[in-house]
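Structural characterization, general
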Amino acid sequence: MRDFHPDTRFAYHTISTEDYRLAENCPDRATLDARCRDRAATIAARADLPGSILLLHESPFGVNESLNPMVAEVLLPHILDALKARGLRCGPIAPSAPKGGLSRFLFLAPLLYR
C-alpha cells in the first residue's frame, strides 16, 4: 500500500453503520432518507461514540438494491448533523508512535508468566 500512496494508514472501525442494509426493500428516496435519519440518531445515541471510527460503504459488494448507491450520500449528512448536535466533531486519525520490538515483548511478558 505504501508504494501506492506513502501516507496510507489503516484503521479498524469501532462502529458499523450497517448502511448496506438501509436500501433493502426500500421503495423510494424519501423512505431511504427516513431510514438514514433514524440510523444516524441511533448511532449518535451510543455512549461509546466519542473517539469511535465509523464504517460506511460507498458501494458494498453483493448488494443489488437500486437505491444502494445513494445510501452513503444520504446517510453521511445525517450522521454529521447528529454528531454536531451532540457536540462532537470529526477529526483525522493520528498516526501512532512506532514501538520498538523490545517494548512489545516487555508488554507481553507479564501475561506469559501468570
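Everything that follows concerns the structure shown earlier in this document.
Because the structure is a prediction, the values reported are computed rather than measured.

With respect to the overall build of the protein
Across its full length, the protein carries 3 helices and 2 strands. Burial status across the protein gives 21% buried among its 114 residues. Excluding contacts between residues fewer than 6 apart, the proportion of contacts in the protein whose partners are at least 24 apart in sequence is 76%. Carbon and sulfur atoms make up 57% of the accessible area of the protein, which amounts to about 8900 Å² in all.

Examining the side chain of Asp-19
Within the secondary structure, Asp-19 sits in the loop between strand 1 (15-16) and helix 1 (29-44). Among buried Asp, Glu, Lys and Arg side chains, Asp-19 stands out as unpaired, with Arg-39 the closest opposite charge at 6.8 Å. In this structure Asp-19 touches Arg-39, Leu-55, Leu-56, His-57, Asn-68, Val-71 and Leu-75, once residues within four positions along its chain are discounted.

A closer look at helix 1
For helix 1, spanning 16 residues, the distance from its first C-alpha to its last is 22 Å, which sits close to the expected 22 Å at 1.5 Å a residue. All buried positions along helix 1 are accounted for by Leu-32, Cys-36, Ala-40, Ile-43 and Ala-44. For helix 1, the angular spread of the buried residues around the axis is 105°, confining them to a single face. In helix 1, the exposed positions angled more than 90 degrees off the buried face are occupied by Ala-30, Asp-38 and Thr-42. Looking at the buried side of helix 1, the elements it contacts are strand 2 (54-55) and helix 2 (71-85).

Notes on the state of the cysteines
Applying the stated criterion to the full structure yields 0 disulfides. This cysteine, Cys-36, is not joined by any disulfide, and Cys-26 carries the nearest cysteine sulfur, 8.0 Å off.

Some points on the side chain of His-78
By the secondary structure assignment, His-78 is in helix 2. By relative accessible area, which is 18% here, His-78 ends up buried. Excluding residues within four positions of it along the chain, His-78 makes contact with Asp-33, Cys-36, Arg-37 and Ala-40.

Observations concerning the environment of Arg-37
By secondary structure assignment, the location of Arg-37 is in helix 1. Once the C-alpha coordinates of Arg-37 and Leu-76 are considered, the two residues, 39 residues apart in sequence, prove to be 9.5 Å apart.

Overview of helix 2
At 3.6 residues per turn, the α-helix brings residues three or four places apart onto the same side. For helix 2, spanning 15 residues, the distance from its first C-alpha to its last is 21 Å, which sits close to the expected 21 Å at 1.5 Å a residue. Where helix 2 is buried, its residues touch helix 1 and strand 2. Looking at the residues trailing helix 2, positive phi occurs at Gly-87, about 85°.

Details of the nonpolar core
Buried together is how nonpolar side chains tend to be arranged in soluble globular proteins. Leu-22, Leu-32, Cys-36, Leu-75 and Ile-79 are the most contacted members of the largest nonpolar core, which totals 17 residues. When residues of this core are traced back to their parent elements, those giving at least two are helix 1 and helix 2. For this core, the element with the highest residue contribution is helix 2, accounting for 6 residues. Leave out the neighbours within four places in its chain, and Leu-75 touches Thr-17, Asp-19, Leu-22, Cys-36, Arg-39, Ala-40 and Leu-56.

What counts and what doesn't
- Residues numbered from 1 in each chain as written.
- Predicted model: local features only at pLDDT ≥ 70, side-chain atom pairs only at ≥ 80, totals over all residues.
- Heavy atoms only, no water.
- Helix = DSSP H or I, 4+ residues; strand = E, 2+ residues; numbered from the N terminus.
- Buried < 20%, exposed > 50% of the residue type's maximum accessible area, 1.4 Å probe, protein only.
- Contact = heavy atoms within 4.5 Å.
- Areas by Shrake-Rupley, 256 points an atom, 1.4 Å probe, with all protein chains shown as cover.
- Lys, Arg positive; Asp, Glu negative; His and termini not counted.
- Salt bridge = Lys/Arg side-chain N within 4 Å of Asp/Glu carboxyl O.
- Expected span 1.5 Å × (residues − 1).
- Arc of directions from axis to C-beta.
- Disulfide = S-S within 2.5 Å.
- Core = buried A, V, L, I, M, F, W, Y, C linked by side-chain atoms within 4.5 Å.

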